[in-house]
Amino acid sequence: SKPIQNRELEPMIERWASLAPRETVAGAKPAPVPPAVVVFDEKGFMERMNDDVEMCTLVLSTFVEDTADQLATLGQAIRDGDATLARMKAHGVKGAAGNVAGMLCMQTALALEKMCEKGDVSHAAPLYEELRARYEDLKKTILAWMEKNA
């Protein structure tokens, strides 16, 4: 799934390239427990950005600015009953939030995107308001990170 994690991709490529036999069910290891969903996965984001604080700051500030506009357009599309535009904007917010490791915001945008895919946004307002709140939480966390790393 997106975004690609180098540390997860390399072992997978090595396994496929070697054509090593898979572990049997009896020898299978338990699946890792997924991490709790967080507002901002700082560690994961920094890893994806190769710990380049300057690049992180640029990407995060762009996200904060652009996503506010995307959310405004999304809200208007919902008020206008335009499910197609609302789905496109929710999809964009989902991708942008995922790129900056804004996990809660990304999940909420995904739920809204799926709702809009059905073509009826008449009940989307509460989920949109939740998405706005998740964005504000993420924005606050990002701005604090940027101040700490200035």
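Description of the structure in this document.

Scoring rules and cut-offs
- Residues numbered from 1 in each chain as written.
- Predicted model: local features only at pLDDT ≥ 70, side-chain atom pairs only at ≥ 80, totals over all residues.
- Heavy atoms only, no water.
- Helix = DSSP H or I, 4+ residues; strand = E, 2+ residues; numbered from the N terminus.
- Buried < 20%, exposed > 50% of the residue type's maximum accessible area, 1.4 Å probe, protein only.
- Contact = heavy atoms within 4.5 Å.
- Areas by Shrake-Rupley, 256 points an atom, 1.4 Å probe, with all protein chains shown as cover.
- Phe/Tyr/Trp six-rings, centres within 6.5 Å; stacked < 30°, edge-to-face > 60°.
- Expected span 1.5 Å × (residues − 1).
- Salt bridge = Lys/Arg side-chain N within 4 Å of Asp/Glu carboxyl O.
- Core = buried A, V, L, I, M, F, W, Y, C linked by side-chain atoms within 4.5 Å.
- Axes fitted to C-alpha atoms, helices over the stretch in contact; angles between N-to-C directions.
- Parallel < 35°, antiparallel > 145°, perpendicular 65-115°, else oblique.
- Left-handed = near helix turned anticlockwise from the far one by under 90°.
- Nonpolar A, V, L, I, M, F, W, Y, C, P; charged D, E, K, R; others polar.

Scanning the chain for helices and strands turns up six helices and zero strands. In sequence order, the chain lays out its α and β elements as α-α-α-α-α-α. Buried residues in the chain amount to 29% of all 150 residues. Sequence separation of 24 or more characterises 66% of the internal contacts of the chain that already satisfy a separation of 6 or more. A total of about 9800 Å² of accessible surface is found on the chain, and carbon and sulfur atoms cover 57% of it.

Attention now goes to the packing of aromatic side chains. Given two aromatic rings, one states the distance between the centres and the angle between the planes to describe the pair. In the structure shown here, the tally under the stated rule is two aromatic pairs. Residues phenylalanine 40 and phenylalanine 45 carry aromatic rings whose centres are separated by 5.8 Å and whose planes lie at 55° to one another, so their mutual orientation is tilted. According to the relative accessible area criterion, phenylalanine 45 is buried, its value standing at 0%.

End to end, helix 6 (residues 125-148) covers 35 Å across 24 residues, agreeing with the expected 34 Å (1.5 Å per residue, within 8%). Among the residues of helix 6, Leu127, Tyr128, Leu131, Tyr135, Leu138, Ile142, Trp145 and Met146 are the ones counted as buried. Those residues of helix 6 that are buried are in contact with helix 2 (42-48), helix 3 (53-80), helix 4 (83-99) and helix 5 (103-117).

Summed over the entire model, instances satisfying the criterion amount to six salt bridges. The salt bridge partner of glutamate 129 is arginine 132, with a shortest N-O separation of 3.6 Å. Highlighted residues: glutamate 129 and arginine 132, both in helix 6, separated by three residues, approximately one helical turn. A single salt-bridge network, built from bridges that share partners, covers Arg87, Lys94 and Glu113.

In terms of nonpolar packing, the biggest core is built from 34 residues, with Phe45, Leu60, Phe63, Leu74, Leu112, Leu131 and Ile142 touching the most fellow members. At the level of secondary structure, the elements contributing two or more residues to this core comprise helix 2, helix 3, helix 4, helix 5 and helix 6.

Quick look at the packing of helix 3 against helix 6 now. Where helix 3 meets helix 6, the closest approach of the two axes is 11 Å, and the angle between their N-to-C directions is 160°. One element, helix 3, and the other, helix 6, form an angle in the roughly antiparallel class. Read as a crossing pair, helix 3 and helix 6 show a hand that is left-handed. Split into classes, the residues belonging to the contact of helix 3 with helix 6 amount to 18 nonpolar, four polar and one charged.

None of this, on its own, says anything about what the molecule does.
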